[in-house]
Amino acid sequence: MNVDIAAPARDFTLQLSATRRGARLARLLASDQLHRWGWPYGCEGNRTAALLVAELASNAALHGRERGRDFRLALTARADATLRIEVTDPRPDRRPPEPGSLRQAPPEAESGRGLLLVEALATHWGTTGGDPYTKTVWCEVGLG
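Residues numbered from 1 in each chain as written. Predicted model: local features only at pLDDT ≥ 70, side-chain atom pairs only at ≥ 80, totals over all residues. Heavy atoms only, no water.

Trainee: Which parts of the structure should I look at to understand the pairing of strand β2 (residues 71–77)?
Mentor: Consecutive side chains of a regular strand alternate in pointing toward one face of the sheet and then the other. Along β2, 5 of the 7 residues are buried, which leaves the element largely enclosed by surrounding structure. As judged from the 7 bridges shared by strand β1 (residues 10–16) and β2, these two strands associate in the antiparallel manner. Across the sheet, residue Phe-12 finds its bridge partner in β2, namely Leu-75. Here β2 runs beside strand β3 (residues 82–89); their pairing, made up of 6 bridges, is antiparallel. Looking at β3, one finds that Arg-72 is bridged to Thr-88. (Buried < 20%, exposed > 50% of the residue type's maximum accessible area, 1.4 Å probe, protein only. Helix = DSSP H or I, 4+ residues; strand = E, 2+ residues; numbered from the N terminus. Pairing = 2+ DSSP bridges.)

Trainee: How should the packing of aromatic side chains be read in this particular structure?
Mentor: Summed over the entire model, instances satisfying the criterion amount to 0 aromatic pairs. When the ring centre of Trp-138 is taken as origin, the NZ or CZ atom of Arg-84, which lies over that ring, is 4.2 Å away. (Phe/Tyr/Trp six-rings, centres within 6.5 Å; stacked < 30°, edge-to-face > 60°. Lys NZ or Arg CZ within 6 Å of the ring centre and 35° of its normal.)

Trainee: How should unusual backbone geometry be read in this particular structure?
Mentor: What you tend to see is this: most non-glycine residues have negative phi, and most peptide bonds are trans. The residue Ala-81 is not glycine, and still its phi comes out positive at about 65 degrees. Along the chain, Ala-81 turns up in the loop between β2 and β3.

Trainee: Where do I start with the pattern of salt bridges in this structure?
Mentor: Opposite charge on two side chains lets them pair, provided their charged atoms get close. Taken as a whole and assessed by the stated rule, the structure comprises 7 salt bridges. Across the pair Arg-36 and Asp-32 runs a salt bridge, and its minimum N-O distance is 2.8 Å. With Arg-36 and Asp-32 both in helix α1 (residues 20–37) and 4 residues apart, the pair spans about one turn of that helix. For Glu-140, the salt bridge goes to Arg-84, with nearest N and O atoms at 3.0 Å. With a gap of 56 residues between them, Glu-140 in strand β5 (residues 134–142) and Arg-84 in strand β3 connect regions that are remote in the sequence. A relative accessible area of 10% places Glu-140 in the buried class. Note on Arg-84: relative accessible area 18%, which makes it buried. Through salt bridges with shared partners, a single ionic network connects Arg-78, Arg-84, Glu-86 and Glu-140. (Salt bridge = Lys/Arg side-chain N within 4 Å of Asp/Glu carboxyl O.)

And the structure:
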């Protein structure tokens, strides 16, 4: 891969509609941005990051949706090839469980496995609230 390790952090921020289409666009645009930064489509780092973005964006569109309000995707690629993914939505009252406290979904359940996937693939993840109007669910992953 053609990544300059000495390069400063790179940032990408985008506001998207809190819909399935917005979540899909978040995944596609994140993968494209990583490709532009030097982690090509199809490489493990790009695929893993796209999966994490898809899950966090889907959760924002489904659980963090507030009528008429969007969600924000922010990516920060650090010089050590660590990617921080942040998805901010307008529902600070609907926080996910704390890292390490997730429970396995029943086999017959149609949902409830996404954050388990985030916990398995990310090196760290959590939730922050910077103001009374939003919450941010974030994760970090090594891009290799």
